[in-house]
Amino acid sequence: MSTTAAAERRDFLFELGTEELPPIALPAFEQSLREGLAAQLKAAALRHGAIESFATPRRLALRVRRLVARQPEQTVRRRGPPLRAAFDAAGMATRAALAFAASCGVELSALGRERDEKDNEYLWYGGTRPGASTVSLLPGIISTLLDGLPTPKRMRWGSGDVQFVRPVHWLVMLYGTEIVPAKILGLDAGRSTRGHRFHAPRALELRTASGYEKTLLGRGHVIASSAARGTRVRELVLAAAQQAGGQAIIEPALLAEVTALVEWPAAIAGQFEERFLALPREVLLAALQGHQRYFPVATADGSLLPWFVAVANIDSLDPAVVRAGNERVIRPRLADAAFFWEQDRRTPLAQHVAGLARVTFQAQLGSVGDKAQRVAALAAELASVCGAAPARVARAALLCKCDLLSAMVGEFPELQGVMGAHYAQSDGE
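Quick caveat: nothing in here was measured; it's all calculated off a predicted structure. In this numbering scheme, every chain counts its residues from 1 along its sequence in written order. Side-chain atom pairs in this predicted model are given and counted only at pLDDT of 80 or more, local residue features only at pLDDT of at least 70, and totals for whole chains, interfaces and linings cover all residues. Each side-chain value is derived from all of the structure's non-hydrogen atoms; neither hydrogens nor water enter the calculation.

(A) Molecular detail of unusual backbone geometry. Even without glycine at this site, Asp119 takes up a positive phi of about 65°. Residue placement: Asp119 occurs in the loop between β5 (112-115) and β6 (121-129). For His221, which is not glycine, the phi torsion reads 55° and is therefore positive. Labels follow the DSSP assignment, with helices taken as runs of H or I lasting at least four residues and strands as runs of E lasting at least two, numbered in each case from the N terminus. Following the sequence through the fold, His221 ends up in the loop between α6 (212-220) and α7 (226-243).

(B) Representation of the environment of Leu288 within the structure. Note that Leu288 resides in helix α9 (residues 281-291). Setting aside residues up to four positions removed in sequence, Leu288 forms contacts with Phe272, Arg293, Tyr294, Pro296, Phe308 and Ile330. Should any heavy atoms of two residues lie within 4.5 Å, those residues are counted as being in contact.

(C) A look at the pairing of β5. Burial of β5 is one-sided: the residues Gly112 and Glu114 facing one way are buried, the residues Arg113 and Arg115 facing the other way are not. By definition, two strands form a pair when at least two bridges between them are found by DSSP. Note that β5 and β6 share four bridges and pair antiparallel. What sits directly across from Gly112, in β6, is Trp124. Here β5 folds back onto β6 in antiparallel fashion, the turn holding five residues, of which Asp119 has a positive phi close to 65°. Burial classification: accessible surface area is computed with a 1.4 Å probe over protein chains only, and a residue below 20% of its type maximum counts as buried, one above 50% as exposed, and the rest as partly exposed.

(D) Region of interest: the environment of Arg281. With respect to the element layout, Arg281 can be found in helix α9. Residues Arg281 and Val135, 146 residues apart in the sequence, show an inter-C-alpha distance of 57 Å. Setting aside its immediate chain neighbours within four residues, Arg281 contacts Ile249, Gly302, Ser303 and Leu304.

(E) Structural view of the sheet that holds strand β18 (residues 304-312). On the basis of which strands lie adjacent, the open sheet formed by four strands has the order β15-β17-β18-β16 and antiparallel pairing. Looking along the sheet, the strands with just one partner apiece sit at the ends: β15 (247-248) and β16 (266-271). Across three bridges, the pairing between strand β17 (residues 295-298) and β18 is antiparallel. Residue pairing across strands places Phe295 opposite Val309, the latter belonging to β18.

(F) Highlighting the packing of helix α10 (residues 319-344) against helix α14 (residues 418-426). Orientation of α10 relative to α14, taken along the N-to-C sense of each, is 50°, at an axis distance of 11 Å. Classified by the angle their axes make, α10 and α14 are oblique. Every pair of crossing elements has a handedness; the one defined by α10 and α14 is right-handed. Residues Phe340, Trp341 and Asp344 of α10 lie in contact with α14, whose contacting residues are Met419, His422 and Tyr423. Taken together, the residues that form the contact of α10 with α14 break down as four nonpolar, one polar and one charged. Axis definition: a line fitted to C-alpha atoms, limited for helices to the stretch in contact. Angles are taken between N-to-C directions and run from 0 to 180 degrees. Angular relationships are summarised with four words: roughly parallel below 35 degrees, roughly antiparallel beyond 145, roughly perpendicular across 65 to 115, and oblique for the angles in between. Note: crossing handedness is left-handed where the near helix turns anticlockwise from the far helix by less than a right angle, and right-handed where it turns clockwise. Nonpolar residues are Ala, Val, Leu, Ile, Met, Phe, Trp, Tyr, Cys and Pro. Charged residues are Asp, Glu, Lys and Arg, and all others, Gly as well, are polar.

(G) Structural context of the nonpolar core. Joining through side-chain atoms within 4.5 Å is the link that ties buried Ala, Val, Leu, Ile, Met, Phe, Trp, Tyr and Cys residues into a set, and such a set is a nonpolar core. Core analysis: the biggest nonpolar cluster contains 38 residues, and Phe12, Phe14, Leu16, Leu60, Leu146, Phe164 and Met173 have the highest contact counts within it. Contributing elements (two or more residues each) for this core: β1 (9-18), α2 (26-43), β2 (51-56), β3 (59-68), α5 (134-147) and β9 (168-175). If sequence neighbours within four positions are ignored, Phe14 has contacts with Leu60, Ala61, Leu62, Ile142, Leu146, Leu171, Val172 and Met173. In this structure, Ala286, Ala287, Leu356 and Tyr423 belong to the second largest nonpolar core, which totals 33 residues.

(H) Main features of α5. In this analysis, the expected span of each helix is defined as 1.5 Å times one less than the number of residues it contains. In a regular helix each residue adds 1.5 Å, so 14 residues correspond to 20 Å; α5 covers 20 Å between its end C-alpha atoms and thus fits that length. If you check which residues of α5 are buried, you get Thr134, Leu138, Pro139, Ile141, Ile142, Leu145 and Leu146. Looking at the buried side of α5, the elements it contacts are β1, α2, β3, β8 (163-164), β9 and β11 (183-184).

(I) Examining the pattern of salt bridges more closely. Salt bridges are defined by distance alone: a side-chain nitrogen of Lys or Arg within 4 Å of a carboxyl oxygen of Asp or Glu. Taken as a whole, this structure holds 22 salt bridges when the rule is applied. The salt bridge involving Arg115 is made with Asp119; its shortest N-O contact spans 3.5 Å. In this structure, Arg331 and Glu273 form a salt bridge, with 3.9 Å as the shortest nitrogen-oxygen distance. Residue Arg331 is found in helix α10, and its partner Glu273 is found in the loop between β16 and α9; the two are separated by 58 residues along the sequence. Overall, the relative accessible area of 32% leaves Glu273 in the partly exposed class. Three or more residues joined by partner-sharing salt bridges are found here, namely Asp11, Glu52, Arg63, Arg65 and Glu213.

Written out as structure tokens, the structure is:
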């Protein structure tokens, strides 16, 4: 290996373009690729600089800074057959000895001898061989990373047998300015990426690996970095909420999910009817955050306002239409919740105890009603030990599953237990 080849370093870029990836899984995919690539490069003894990962709804990408062009020379040490099998009684080399020498690429005379811990003597070969070129190793490394993505299900498309999380459409693999020859998931590697589905649908040619995210940002309307896109989403949501006269409630999990849903975020503030503020806070948050992926808006003291912030994946020419569409979507959701809230409170929570007997908990353990009775008995025993009122604790335990039969929990299952507390309080429990 020449000194020049050993010292040469270039940036490497990999990008896989896909149909929209599942947003909840996107951070795990990105982390798996980044950590897996670091492990693969270490195992291949390929020195490098920083490893950067990128993930959007339509792409997974990695860039390795200053990746060496070739592996270092490889030290080879192989044990051959024992001497008793390598030479016959006349001292002539056997087929085993000749085959071992041929597999090492040397004459028989170049082989050495060594003894193991049991004093058995063997033929052995020691030497060096040039390292493989990085370009020849990268296709196998990338294929291994994609095969190891943490996804329980993969899909097929078209008439081929290729499988991946979603159908794939383009593959970029650049080492510096050169295309890495590779065929992965049925795609030939090239230098053409694609920008935003609507703002920049045409192919974009990447001249170098180092200019990847700048090209996507400037010509493609795509913020490739998940971290940068998340920061941008946060800034836009906070600004939109402030214009609406409040402060945005930004849960980290929702921020991560919305970030994984957009490539070019645009925040739109919308309103809903003030009468819905009479609903329990948890119901409003479940409808806005969990069902619609909206960011609620509150006052400085935390009281909810009849506003929300939606994040679109496009700069609309008519934001008012986008706002009206989001308001039209949330209105029936909240109207349903208000109806369930009124209907559920017409039946005391305690009246659902009998109905729990018709809900199976587990075949060998009876109904949910049976479970509630067991919990009530155990809770009363524990209450007497810790100084609580056994009757009140047993009553709470008996009612704790009753909201499973409410219409609200049927629509918002994540509110089970929470709604039971509201209904019990409404009943004067």
